[in-house]
Amino acid sequence: MTMKTYKRGDPLAVLGMSGVGKTRIASMLRGDERWFHYSVDYRIGTRYMDEAIEDNFKREAMKAPLLRELLLSDSIYISSNITFDNLEPLSTYLGKPGDPDKGGIPFDEYVRRQREHREAEIRAMLDTPRFIEKARTIYGYDKFICDTSGSICEVVDPEDRSDPVLKAVSDCCLIIYIAGDEAHKDALKARFDRAPKPMYYNEDFLRQVWADYLGETGVSESDVDPDAFIRWGFARLIDWRAPRYEAIAKNWGVKISARDVEKVQSPEDFLNLVDKAVKAKS
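In this convention, every chain numbers its residues from 1, walking through the sequence in written order. Local features in this predicted model are restricted to residues of pLDDT 70 or higher, and side-chain atom pairs are both shown and tallied only at a pLDDT of 80 or more, whereas totals for entire chains, interfaces and linings draw on every residue. To get the side-chain values, take all heavy atoms of the structure and skip hydrogens and water.

Trainee: Go over the overall build of the protein, please, and point to the residues and values.
Mentor: For helices the rule is a DSSP run of H or I covering at least 4 residues; for strands it is a run of E covering at least 2, with both sets numbered from the N terminus onward. Per the secondary structure count, the protein includes 13 helices and five strands. The atom set for the radius of gyration is the C-alpha atoms, and the globule formula is 2.2 Å times the number of residues raised to the power 0.38. In summary, the protein has a C-alpha radius of gyration of 20 Å against a globular reference of 19 Å for 282 residues, a match within 12%. Throughout, a residue-residue contact means that at least one pair of heavy atoms, one from each residue, lies within 4.5 Å. Within the protein, counting contacts between residues at least 6 apart in sequence, those at least 24 apart form 78% of the total. Per-residue accessibility takes into account occlusion by the displayed protein chains alone, with areas from the Shrake-Rupley method and a 1.4 Å probe. Surface accessibility of the protein: about 14000 Å² in total, with carbon and sulfur atoms responsible for 48%. Note on charges: Lys and Arg go in the positive column, Asp and Glu in the negative column, and His and the chain ends are not counted at all. The atom standing in for a charge is NZ when the residue is Lys, CZ when it is Arg, CG when it is Asp and CD when it is Glu. Looking at the protein, you have 43 positive and 49 negative side-chain charges, and the mean spots of the two groups are 5 Å apart.

Written out as structure tokens, the structure reads:
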């Protein structure tokens, strides 16, 4: 597949697993070089899933008599406060499957919310060209970086030349995969083990992992420890996603090392890495 011809200052789209430096780089460019920072996760949470997130908050609030009374009398309102650096409301809505006494939700409801996220992520990614235009014509930004969700590889087919998401993004941005090494994988697993958080999974992968977990542990769906399951699933998710990221870089963009990104101290450092990757790919 043909990569978009790139010149310094063209729109960029960075992708990779959580923790490899996507948002750090995007924030650096936004702060130091006046790049427009388009966060896909932020767009998902504030545009396409905001109502579902807030309705879930209200549903929980209605269980408390005082809050119920205040909500019904319009004395209070509940809203989500998602930021680029705090996506907790979105994660909380996705939830974790398993024992409700341990904060879990039924697996079927979990899958339904996963499907909502998939649709929202696709729509947010397809918004990229429009935001490039908005950034230029409304806000006066002539440089743009798309900070993709860590789950982009779950909603695209990198081997499909007509994949609508990858085609839309690659037509307007240089796609850059920030690749972690084995040490990064181990660090991600350790960090996740300390603070497990809800994730988005490809549905076929999710159903297989769920079935494997139930079979291995011998517990019923309603007795699953939600945190234990997502820890178990995350370790497999990293290995599942790696070849999909690699295929995106091979077919649609370029790859740079997360180790090199760690050393970046300025926008110029990062853009030099991009230049080097483009030259190597060419």
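Trainee: Any chance you could break down helix α6 (residues 107–126) for me, citing the residues and the numbers?
Mentor: Here, expected helix span is obtained from the residue count minus one, scaled by 1.5 Å. With 20 residues, α6 extends 29 Å from end C-alpha to end C-alpha; this agrees with the ideal 28 Å at 1.5 Å per step. Type-normalised accessible area, obtained with a 1.4 Å probe on protein chains alone, sets the label of each residue: buried when under 20%, exposed when over 50%, and partly exposed for intermediate values. Along α6, the residues classified as buried are Phe107, Tyr110, Val111, Arg113, Gln114, His117, Ala120, Glu121, Ile122, Ala124 and Met125.

Trainee: Lay out the nonpolar core in plain terms, naming residues and giving numbers.
Mentor: Nonpolar side chains tend toward joint burial in soluble globular proteins. If you look at the biggest cluster of nonpolar residues, it comprises 85 residues, and the most contacted ones within it are Leu12, Phe144, Leu174, Ile176 and Phe270. The element that contributes the greatest number of residues to this core is helix α11 (residues 226–252), accounting for ten residues. Other than its neighbours up to four places away in sequence, Leu12 contacts Tyr6, Trp35, Phe144, Ile145, Cys146, Cys173, Leu174, Ile176, Phe270 and Leu271. Put simply, buried Ala, Val, Leu, Ile, Met, Phe, Trp, Tyr and Cys residues joined by side-chain atoms within 4.5 Å make one nonpolar core.

Trainee: Could you give me a rundown of unusual backbone geometry, with the residues and numbers involved?
Mentor: In the Ramachandran plot, Arg34 falls in the positive-phi region, its phi being about 55° despite a non-glycine side chain. Secondary-structure assignment places Arg34 in the loop between α1 (22–33) and β2 (36–39). Looking at Arg34, the relative accessible area reads 47%, which means it is partly exposed. The phi dihedral of Asp74 falls on the positive side, at around 60°, and the residue is not glycine.

Trainee: Describe the packing of aromatic side chains, listing the residues and the values that go with them.
Mentor: The geometry of an aromatic ring pair comes down to the distance between the two centres and the angle between the two planes. Stacked, tilted and edge-to-face are the three classes applied to pairs of Phe, Tyr and Trp rings, where Trp contributes its six-membered ring and a pair requires centres within 6.5 Å; stacked means planes under 30 degrees apart, edge-to-face means over 60, and tilted covers the rest. In the structure shown here, the tally under the stated rule is 16 aromatic pairs. When the ring of Tyr201 is compared with that of Phe205, the centres are 6.2 Å apart and the planes differ by 25°; the resulting orientation is stacked. Look at Tyr201 and you get buried, because its relative accessible area is 2%. We classify Phe205 as buried; its relative accessible area is 8%.

Trainee: Run through the layout of surface pockets, naming residues and quoting values.
Mentor: Put plainly, a pocket is an open set of points on a 1 Å grid over the protein atoms alone with protein on both sides within 12 Å along at least five of seven lines, a cavity is a set where a 1.4 Å probe fits but cannot get out, and a lining residue has an atom within 4 Å of a point. Grid points are joined across faces, edges and corners, and a volume is the space filled by probe spheres set on the points. In this structure, the largest pocket encloses a volume near 730 Å³. Around the largest pocket, the lining is made up of 30 residues, and of these Ser18, Asp41, Leu87, Gly150 and Lys197 lie nearest the centre. Considered as a void within the structure, the second largest pocket measures approximately 280 Å³ in volume. Every residue lining the second largest pocket is counted, 16 residues in all, and those nearest its centre are Thr92, Gly95, Gly103, Ile105 and Arg113. At the level of secondary structure, the elements contributing two or more residues to the lining of the second largest pocket comprise α3 (50–61) and α5 (88–94).

Trainee: Which residues make up the packing of helix α9 (residues 182–194) against α11, and what are the values?
Mentor: Only the stretch in contact is used when fitting a helix axis, every axis being a line fitted to C-alpha atoms; angles between N-to-C directions are given from 0 to 180 degrees. Look at α9 against α11: their axes get within 10 Å of each other, and the N-to-C directions meet at 155°. Judged on the interaxial angle alone, α11 and α9 are roughly antiparallel. For the crossing formed where α9 meets α11, the hand is right-handed. Note on element contacts: α11 touches α9 through Ile230, Arg231, Phe234, Ala235, Ile238, Asp239 and Ala242, opposite Lys185, Leu188, Lys189, Phe192 and Asp193. Under the scheme applied, nonpolar residues are Ala, Val, Leu, Ile, Met, Phe, Trp, Tyr, Cys and Pro; charged residues are Asp, Glu, Lys and Arg; polar residues are all the others, including Gly. Considered class by class, the residues forming the contact of α9 with α11 number seven nonpolar, no polar and five charged. Each angle receives one of four descriptions, namely roughly parallel if under 35 degrees, roughly antiparallel if over 145, roughly perpendicular if within 65 to 115, and oblique otherwise. If you view the pair so one helix is near and one far, a crossing is left-handed when the near helix is turned anticlockwise from the far one by less than a right angle, and right-handed when it is turned clockwise.

Trainee: Would you mind going over the pattern of salt bridges in detail, with residue names and values included?
Mentor: By salt bridge we mean one thing: a side-chain nitrogen of Lys or Arg within 4 Å of a carboxyl oxygen of Asp or Glu. All told, the structure shown has 23 salt bridges when counted by the stated rule. A salt bridge links Arg43 to Asp127; its shortest N-O distance comes to 3.0 Å. Of the two residues, Arg43 sits in helix α2 (residues 40–48) while Asp127 sits in the loop between α6 and α7 (128–137), which places them 84 residues apart along the sequence. The two residues Arg43 and Asp127 agree in class, both being buried. Members of the salt-bridge network, linked through shared partners, are Glu109, Arg112, Arg113 and Glu116.

Trainee: Describe the packing of α6 against helix α8 (residues 164–172), and please don't skip the residues or the numbers.
Mentor: Look at α6 against α8: their axes get within 9 Å of each other, and the N-to-C directions meet at 25°. Judged by the angle between their axes, α6 and α8 are roughly parallel. Note that α6 runs across α8; the crossing there is left-handed. Between α6, through Ile122, Met125 and Leu126, and α8, the contact on the second element is made entirely by Pro164, Val165, Ala168 and Val169. For the contact of α6 with α8, a count of residues per class yields seven nonpolar, no polar and no charged.

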